[in-house]
Amino acid sequence: MAQSLNTKVDYVTDATSYSGLNSYGKIMIGDRAFEYYNSRKVEDYIQIPWEDVDYVIASVMFQGKYIPRFTVRTRAHRDFSFAAKKPKVLLRAINKYVPSDHMVRSLTLMGVIKRRLKEKFGK
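This one's a predicted model, so the numbers in the text were calculated from it and none came from an experiment.

A. Inspection of the layout of surface pockets at higher detail. As a volume, the largest pocket reaches approximately 210 Å³. V56, A58, V60, G64, I67, K88, L91, R92, M103, V104 and R105 together form the lining of the largest pocket. Taken together, the elements giving at least two residues each to the lining of the largest pocket come down to β5 (53-61), α1 (87-94) and β8 (103-105). The residue makeup of the lining of the largest pocket, split by class, is seven nonpolar, one polar and three charged.

B. Spatial organisation of the side chain of T74. Tracing the sequence through the fold places T74 in strand β6 (residues 66-74). Among residues more than four places away in sequence, those in contact with T74 are I48, D52, D54 and F80.

C. Spatial organisation of the pattern of salt bridges. Under the defined criterion, the tally for this structure stands at five salt bridges. Between R75 and D54 there is a salt bridge, with the nearest N and O atoms lying 3.5 Å from each other. Of this pair, R75 sits in the loop between β6 and β7 (79-84) while D54 sits in strand β5, placing them 21 residues apart in sequence. With a relative accessible area of 52%, R75 lands in the exposed category. On the basis of relative accessibility, which here comes to 16%, the residue D54 falls in the buried class. Of the charged contacts in the structure, one is a salt bridge between E119 and R116, with a shortest N-O distance of 3.6 Å. With E119 and R116 both in helix α2 (residues 109-121) and three residues apart, the pair spans about one turn of that helix. Each of the two residues, E119 as well as R116, counts as exposed.

About the criteria used
Residues numbered from 1 in each chain as written. Predicted model: local features only at pLDDT ≥ 70, side-chain atom pairs only at ≥ 80, totals over all residues. Heavy atoms only, no water. 1 Å grid on protein atoms, 1.4 Å probe; cavity = no way out; pocket = protein on both sides within 12 Å on 5 of 7 lines; lining within 4 Å. Points joined across faces, edges and corners; volume = space filled by probe spheres on them. Helix = DSSP H or I, 4+ residues; strand = E, 2+ residues; numbered from the N terminus. Nonpolar A, V, L, I, M, F, W, Y, C, P; charged D, E, K, R; others polar. Contact = heavy atoms within 4.5 Å. Salt bridge = Lys/Arg side-chain N within 4 Å of Asp/Glu carboxyl O. Buried < 20%, exposed > 50% of the residue type's maximum accessible area, 1.4 Å probe, protein only.

In structure tokens, the structure reads:
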């Protein structure tokens, strides 16, 4: 059983982790870390202290009405992808500990295509 890094919990919600195989569990936002715990396997957990979080990248659709998933990027350049039941509330809880300029939107499909075409054919 993993020991929590947090002394105070701000928000807990059901979530899905996309690290390796999909796993279902809970995300816990606290005063010291972002934590994910698997519901079935006790030894399957992810704990990321706030000092190690570099960016939080959200996939935003329909002008912010739908957020299917988000990614937590660490300073060691590891990405952890998650989906949550109420992602807006979760991202607002994360925003207390991660500066707003480090919470970004991911590129849309058209943005990715435009970037690839610019790389290939120039401006």
